[in-house]
Amino acid sequence: MIACMSDLMIEIEHLHKTYRSGFTMKPKLALKDVSFNVEAGKVYGFIGPNGAGKSTTIKVLTGLLNFDSGKVLVNGISPRDVKSRQYIGYSPEQPYFYDYLSGRELLRFYGKLVGLKGAELESRIGWALELLHANKDWIDRRLRSYSKGMMQRVGIAQAILGKPKLLILDEPMSGLDPMGRRDVREAIQQLNRDGVTIFYSSHLLSDVESISHRVAMIVDGKIVREGTVDDITESCGVEYHIRTREAILGADLPRGVSATGHPQEYICADDVARDRLLGFCLSNGIAVEKMDHKRPSLEDILTEEIARADA
Amino acid sequence: MQTLKHIGIIALNTFRESIRDKILYNIGFLAIALTLFSIVLGEWSVFDRAYVIKSTTLSVMSLSGLLISIFVGISLVQKEIQRRTVLTLLSKPISRAAFIVGKYFGLLAVVAVHLVLLTGIYYAILWITNSSPTVSLLTAIYLIFCEMAVVIAVALLFSSFSSTVLSALFTLGVYFAGHLSDQLMEQVKFASRMGELRGASSVILEKAAVVIHAVFPGLYRFNVTNYVVHGVALPDMYVFWNSVYALGYIGVFLAIASWWFSRRDFL
């Protein structure tokens, strides 16, 4: 494998992509001025609602889609150049394969395409199957009998066979049961520890939060948030939940503080509201029993961004 | 070197895929049945038995090869796109041209195996019926193979940018144009000599005949059944130049198919 040419594994600047469909070839802008970078050695989550442009971006990176304008580089090479794919392993969303082959035969086929042969090919297949907990009887059955979860594991196994520098996974956890999700999550983390950069899209935001170094959120073809999970959630402010020993009358509540269903619990929208409520309690001799701060989750922020885009 | 390896791997997989296709078996069984039926036709016919067996079997080879080339050929690329297997395949470090050429050679190998199988049956029938098998029959079969090699390239060209149904129609169109272009040219020349073509429409007709003759592959060149069944030996240079002719068209069609395919988006 050729040495990494850049500290940035993915560079995307001002990417625009238009689809043309129907008899009139009506254009639809799928990606609007998309820009972000993925550093080598990181796990990068790509989230957004259905139809937001996640798969389109991934297919541009893998050279499956052309783009209108902008700059896209994978390890310093344009995805239009076949050489860029020497560094990439890719598993599409809901992977489909030649169903007349068994899982092992399919892996041999893809392994040969990335230049493996003989004992090295067999040992690499064994390694990939071990990593994904797929080294079971069913791997020698025809693919047409596979469940969605089995197919997903084979899809990821074929993507990692060539020991890629960049692993691109489109919804790798869709169709998996909790055990399968855990296996894939662990496999991603193990590969990342071995130095593989992971770029993946997912709807399962709790998984994204737990394993990604950075996240980009795409809504309606535009990147609306980008950064570490902490950066993104903290940029939306922190909410405080305060419980007092005595109830406070609604009319007395300071600005920015709202009551909850519980008579002694209050939500402060920000730091200022929290300070106001604490000052009020101090001056009125009301004891504070408990104070928690709560950041919005990625799901809260994504829901808010979708609503904003719809509006 | 790497590209050649990729072409070989894709060709082998295409061959495996095609020999599992039910259409192939239907066409194959029909071809074998018709080949065997040529013995009965030979008995019934008022013509020489050997002549009937030879001409019928060569026609069966040509027709069944055509059906395989079109119906298996056009579905090869379309199936990859519709089943989305193309996404994983083209994300590997292989060029789209290698994909097209690999598909081409995979199907070419299927047609070759089909023709070899029919040739074996054909020669067995000729031997059983004492119908004097000749080497020139092999030349005719080789030229059928060359013709099919061109037709597969045409089918792949169309399937690289259009739907299965349209690809089938376009390929059939090229096949018939390729077989009739010589006759059309002759007819137009004859009519012109006889003074039957006058006015602007005649100029358009003449030009159209010239264009069709020049652009479409002259598939009539590969049909030598009438010569070989009558024992006429074909000059070696005829076979050589027609092989070169076929290679030229195949190269051009595959180059256009690869170019077009490399511009495609895969959703």
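Residues numbered from 1 in each chain as written. Chains lettered and ligands numbered in written order. Predicted model: local features only at pLDDT ≥ 70, side-chain atom pairs only at ≥ 80, totals over all residues.

**With respect to the overall build of chain B**
- Helix and strand counts for chain B come out as 10 helices and zero strands.
- In sequence order, chain B lays out its α and β elements as α-α-α-α-α-α-α-α-α-α.
- In terms of overall size, chain B behaves like a compact globule, its C-alpha atoms giving a radius of gyration of 20 Å where 267 residues would be expected to give roughly 18 Å.
- The dimensions of chain B, computed from C-alpha atoms along their principal axes, are 60 × 60 × 35 Å.
- Counting only residues that meet the buried cut, chain B has 40% of its 267 residues in that class.
- A separation of at least 24 residues holds for 84% of the contacts in chain B among residues at least 6 apart in sequence. (Helix = DSSP H or I, 4+ residues; strand = E, 2+ residues; numbered from the N terminus. Rg over C-alpha atoms; globule rule 2.2 N^0.38 Å. Buried ≥ 20, exposed ≤ 12 C-beta atoms within 10 Å, placed from the backbone. Contact = placed C-beta atoms within 7 Å.)

**Quick word on the sheet that holds strand β10 (residues 239–244) of chain A**
Residue and element names in this part refer to chain A.
- If you trace the four strands from one edge of the open sheet to the other, you get β11-β12-β10-β13, paired in antiparallel fashion. Edge positions in the sheet fall to β11 (257–259) and β13 (288–294), since each of these pairs with one other strand and no more. The sheet shows a mean angle of 25 degrees between the axes of neighbouring strands, direction not considered.
- Alignment of β10 against strand β12 (residues 265–268), held across four bridges, turns out to be antiparallel. Within β12, the residue paired with isoleucine 242 across the bridge is tyrosine 266. (Pairing = 2+ DSSP bridges. Axes fitted to C-alpha atoms, helices over the stretch in contact; angles between N-to-C directions.)

**Focus on the pairing of β10 of chain A**
All names here are of chain A.
- The side-chain alternation of β10 yields one buried face, formed by Tyr240, Ile242 and Thr244, and one unburied face, formed by Glu239, His241 and Arg243.
- Relative to β13, β10 is paired through six bridges, and the arrangement is antiparallel. Bridge assignment links glutamate 239 to a residue of β13, and that residue is lysine 294.

**What to know about the interface of chain B and chain A**
- Taken together, the contact between chain B and chain A spans 18 residues of the former and 23 residues of the latter.
- Broken down by secondary-structure element, the contributors of at least two residues to the side of chain B that touches chain A are α1 (2–18) and α4 (85–90) of chain B.
- When grouped by side-chain class, the residues that make up the side of chain B that touches chain A number six nonpolar, six polar and six charged. (Nonpolar A, V, L, I, M, F, W, Y, C, P; charged D, E, K, R; others polar.)

**Describing helix α2 (residues 103–113) of chain A**
- For α2 of chain A, the set of buried residues is Gly103, Leu106, Leu107, Tyr110, Gly111, Lys112 and Leu113 of chain A.
- Looking at the buried positions of α2 of chain A, the neighbouring elements they touch are α3 (118–131) and α4 (148–160) of chain A together with α1 of chain B.
- Of the residues trailing α2 of chain A, glycine 115 of chain A is marked for its positive phi of about 90 degrees.

**Considering the nonpolar core**
- Counting 137 residues, the largest nonpolar core has Ala149, Ile152 and Ala153 of chain B as the members making the most contacts within it.
- With 18 residues, the single largest contributor to this core is helix α6 (residues 135–159) of chain B.
- Not counting residues up to four positions away in its chain, the partners in contact with isoleucine 152 of chain B are Ser69, Gly73, Tyr104, Leu107, Leu108 and Val111 of chain B.
- Grouped together as the second largest cluster of nonpolar side chains are six residues, Tyr240, Ile242, Tyr266 and Leu277 of chain A included. (Core = buried A, V, L, I, M, F, W, Y, C linked by C-beta atoms within 7 Å.)

**Looking at the environment of serine 91 of chain A**
Residues and elements named next belong to chain A.
- Along the chain, serine 91 falls in strand β5 (residues 88–91).
- Residue class for serine 91 comes out buried when judged on the 26 C-beta atoms lying within 10 Å of it.
- For the pair serine 91 and glycine 155, spaced 64 residues apart in sequence, the C-alpha separation works out to 5.4 Å.
- If we ignore the near neighbours within four places in the chain, the residues touching serine 91 are Gly155, Ile156, Ala159, Leu169, Asp170 and Pro172.

**Here's the deal with the packing of helix α2 (residues 22–44) of chain B against helix α3 (residues 49–82) of chain B**
Residue and element names in this part refer to chain B.
- Two elements in contact, α2 and α3, have axes separated by 8 Å at closest approach and are oriented at 170 degrees. Relative to α3, α2 is oriented roughly antiparallel. For the pair α2 and α3, contact is made by Ile23, Leu24, Ile27, Leu30, Ala31, Leu34, Thr35, Ser38, Ile39, Leu41, Gly42 and Glu43 and by Arg49, Val52, Ile53, Thr56, Thr57, Val60, Ser64, Leu67, Ile68, Phe71 and Val72, respectively.
- Its residues assigned to classes, the contact of α2 with α3 shows 15 nonpolar, six polar and two charged. (Parallel < 35°, antiparallel > 145°, perpendicular 65-115°, else oblique.)

**A closer look at the environment of asparagine 242 of chain B**
Residues and elements named next belong to chain B.
- Structurally, asparagine 242 is set in helix α10 (residues 236–263).
- Given 19 C-beta atoms within 10 Å, asparagine 242 falls into the partly exposed group.
- Between the C-alpha atoms of asparagine 242 and cysteine 146, which are 96 residues apart in sequence, the distance is 8.2 Å.

**A few points about unusual backbone geometry**
Residue and element names in this part refer to chain A.
- Phi at glutamine 94 is positive, roughly 45 degrees, even though this residue is not glycine.
- On the secondary structure map, glutamine 94 appears in the loop between β5 and α2.
- Backbone geometry places lysine 163, a non-glycine residue, at a positive phi of 45 degrees.
- Take lysine 163: it is sitting in the loop between α4 and β6 (166–170).
- On the neighbour-count criterion, lysine 163 (17 C-beta atoms within 10 Å) is partly exposed.

**With respect to the sheet that holds strand β3 (residues 43–47) of chain A**
All names here are of chain A.
- An order of β5-β6-β7-β3-β8-β9 is seen for the six strands of this open sheet, with the pairing classed as mixed. Only two strands of the sheet have a single partner each, and these edge strands are β5 and β9 (222–227). Strand after strand, the sheet turns through a mean of 15 degrees between neighbouring axes, direction not considered.
- As paired elements, β5 and β6 share four bridges and run parallel to each other. Bridging across to β6, serine 91 finds its partner in leucine 169.
- Strands in contact with α4 are β5 and β6; relative to β5, the strand with the most contacts, it is inclined by about 170 degrees.
- In this fold helix α5 (residues 178–193) packs onto β3, β6 and β7 (197–201), with an angle of close to 150 degrees to the strand it touches most, β7.

**Topic: the confidence of the model for chain B**
- This prediction gives chain B a mean pLDDT of 87; 99% of its residues lie at or above 70.
- Here the predicted complex carries an ipTM of 0.79, next to a pTM of 0.83. (pLDDT = per-residue confidence, 0-100.)

**Digging into the confidence of the model for chain A**
- Confidence along chain A averages 88 in pLDDT terms, with 98% of residues attaining 70 or more.
- Every residue in residues 1–5 of chain A is under pLDDT 50, and counting partners more than four places away or in other chains gives seven contacts.

**Thoughts on the packing of α2 of chain B against helix α5 (residues 96–128) of chain B**
Residue and element names in this part refer to chain B.
- Contact geometry of α2 with α5 gives a least axis separation of 10 Å together with a crossing angle of 20 degrees. Relative to α5, the element α2 lies roughly parallel. Helix-helix and strand crossings are classified by hand; for α2 and α5 the assignment is right-handed. Where α2 abuts α5, its residues Leu24, Gly28, Ala31, Ile32, Thr35, Ser38 and Ile39 lie against Val110, His114, Leu118, Ile121, Tyr122 and Ile125.
- Residues that form the contact of α2 with α5 fall into these classes: nine nonpolar, four polar and no charged. (Left-handed = near helix turned anticlockwise from the far one by under 90°.)

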